[in-house]
Amino acid sequence: MSYGDAMSGRVRSEERRAEIVRAALEVIAERGYRGASLAAVAERVGLTQQGLLHHFPTKDALLVAVLEERDQWDAVPDSRWRVELLASLVEYNTMRPAIIQTFSALLGESVTEGHPARAYFTERYARVRDSMADVLRAEYGDRLPNGLTPERTAPLLVAVMDGLQYQWLLDPESVDMPGAFRDFLAMLGEK
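Not measured: the values here are computed from a predicted model.

Parameters and conventions
Residues numbered from 1 in each chain as written. Predicted model: local features only at pLDDT ≥ 70, side-chain atom pairs only at ≥ 80, totals over all residues. Heavy atoms only, no water. Helix = DSSP H or I, 4+ residues; strand = E, 2+ residues; numbered from the N terminus. Buried < 20%, exposed > 50% of the residue type's maximum accessible area, 1.4 Å probe, protein only. Contact = heavy atoms within 4.5 Å. Areas by Shrake-Rupley, 256 points an atom, 1.4 Å probe, with all protein chains shown as cover. Polar contact = N/O pair within 3.5 Å; in protein donor to acceptor, adjacent residues only side chain to side chain. Axes fitted to C-alpha atoms, helices over the stretch in contact; angles between N-to-C directions. Left-handed = near helix turned anticlockwise from the far one by under 90°. Core = buried A, V, L, I, M, F, W, Y, C linked by side-chain atoms within 4.5 Å. Expected span 1.5 Å × (residues − 1). Parallel < 35°, antiparallel > 145°, perpendicular 65-115°, else oblique. Nonpolar A, V, L, I, M, F, W, Y, C, P; charged D, E, K, R; others polar. Phe/Tyr/Trp six-rings, centres within 6.5 Å; stacked < 30°, edge-to-face > 60°. Lys NZ or Arg CZ within 6 Å of the ring centre and 35° of its normal. Arc of directions from axis to C-beta.

## As for the overall build of the protein
Thinking step 1. Each helix and strand counted, the protein has 9 helices and 0 strands in total.
Thinking step 2. The secondary structure elements of the protein, listed N-terminal to C-terminal, are α-α-α-α-α-α-α-α-α.
Thinking step 3. Among the 191 residues that make up the protein, the fraction classed as buried is 40%.
Thinking step 4. Pairs at least 24 apart in sequence give 62% of the contacts found in the protein among residues at least 6 apart.
Thinking step 5. Only carbon and sulfur atoms are counted for the fraction: they give 53% of the accessible area of the protein, which is about 10700 Å².

Right, here's the structure in full:
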């Protein structure tokens, strides 16, 4: 096999993996992680379940790939996060309901004992809280205008972002997610 053939095969394999991850996102959004089967994902991409297992040997491996892919879409270097960029992220989320639905379904399921995404979300939230505290400190210093420290405010900020997502998913016509988040920022002292 030539180098070119090997590279072409690797590119096709990576493209197929990306297609499988996108299909898994859709299936998880529709059915939740526990209700999503490898067979359903395989069918959606025109593979047998055995063919899918060639790319992802377990359902847990596929779940990790889905979560990592989702994180890549929101990746911004920590040094570039600012409070107003968070508001833009909330607005951007309104344009991708399937991704938000998948994330929310996995997050909700992950609180159960033994769920394969539990450690992922626990570690992710620790990182996000630390990152949000850094963003708030860069914006306001050691105390926000409301008197709270960035460390005390960071979990509230994350809770508002995720809580608004759940409410918006349930009733998008009644919940102005970007507007409500801007209102929360105003309560923090942001203009």
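## Some details on the environment of aspartate 176
Thinking step 1. Take aspartate 176: it is sitting in the loop between α8 (150-170) and α9 (177-188).
Thinking step 2. Distance from aspartate 176 to leucine 164, taken between C-alpha atoms, is 8.7 Å for residues 12 residues apart in sequence.
Thinking step 3. At 3.0 Å, the side chain of aspartate 176 forms a polar contact with the backbone nitrogen of glycine 179.

## Looking at the packing of helix α7 (residues 118-140) against α8
Thinking step 1. At their nearest, the axes of α7 and α8 sit 8 Å apart, and the two run at 115° to each other. Taken as a pair, α7 and α8 cross one another with a handedness that is right-handed. On α8, the residues that touch Tyr125, Val128, Arg129, Met132, Ala133, Leu136 and Arg137 of α7 are Pro150, Glu151, Thr153, Ala154, Pro155, Leu157, Val158 and Asp162.

## Notes on the nonpolar core
Considering soluble globular proteins, one finds that nonpolar side chains tend to be buried as a cluster.
Thinking step 1. One finds Val41, Leu62, Leu106, Phe121, Leu157 and Phe181 to be the most contacted residues of the largest nonpolar core, which totals 53 residues.
Thinking step 2. Dropping the residues within four chain positions of it, leucine 62 is found in contact with Ile20, Val21, Ala24, Leu38, Val41 and Phe56.

## A look at α7
Thinking step 1. Compared with an ideal rise of 1.5 Å per residue, which puts 23 residues at 33 Å, α7 spans 32 Å between its outermost C-alpha atoms and is within 8% of the ideal.
Thinking step 2. For α7, the complete set of buried residues consists of Tyr120, Phe121, Arg124, Tyr125, Ser131, Met132, Ala133, Val135, Leu136 and Tyr140.
Thinking step 3. Note on α7: the residue one or two positions beyond its end, glycine 141, has a positive phi of about 90°.

## Comments concerning the packing of helix α5 (residues 83-93) against α7
Thinking step 1. Across the interface, α5 lies against α7 with an axial gap of 9 Å and an inter-helix angle of 130°. Between α5 and α7, the angle falls in the class oblique. Residues Val83, Glu84 and Leu86 of α5 touch α7, and the partners they reach there are Met132, Val135, Leu136, Glu139 and Tyr140.
Thinking step 2. Residues of the contact of α5 with α7, tallied by class, amount to 6 nonpolar, no polar and 2 charged.

## Re the packing of aromatic side chains
Thinking step 1. Using the criterion set out here, one finds 3 aromatic pairs in the structure.
Thinking step 2. Measuring from centroid to centroid gives 5.4 Å for phenylalanine 103 and phenylalanine 121, while their planes differ by 70°, and the two rings are edge-to-face. Of the two residues, phenylalanine 103 is situated in helix α6 (residues 97-110) and phenylalanine 121 in helix α7; the sequence distance between them amounts to 18 residues. The pair formed by phenylalanine 103 and phenylalanine 121 is uniform in burial state, with each residue classed as buried.
Thinking step 3. With a centroid separation of 5.1 Å and 80° between ring planes, the pair formed by tyrosine 120 and phenylalanine 121 is classed as edge-to-face.
Thinking step 4. Through a chain of ring-to-ring contacts, three or more aromatic side chains come together here, namely Phe103, Tyr120 and Phe121.
Thinking step 5. Positioned above the aromatic ring of tyrosine 125 is the side chain of arginine 124, whose terminal nitrogen or guanidinium carbon lies 5.8 Å from the ring centre.

## Let's talk about α8
Thinking step 1. Taking 1.5 Å per residue, 21 residues should reach 30 Å; α8 reaches 30 Å between its end C-alpha atoms and fits that length.
Thinking step 2. Among the residues of α8, Pro150, Thr153, Ala154, Leu157, Val158, Met161, Asp162, Leu164, Gln165 and Trp168 are the ones counted as buried. The buried residues of α8 occupy an angular sector of 165° when the element is viewed end-on, so they sit on one face. Projecting away from the buried face of α8 at angles above 90 degrees are the exposed residues Arg152 and Leu170.
Thinking step 3. Looking at the buried positions of α8, the neighbouring elements they touch are α5, α6, α7 and α9.

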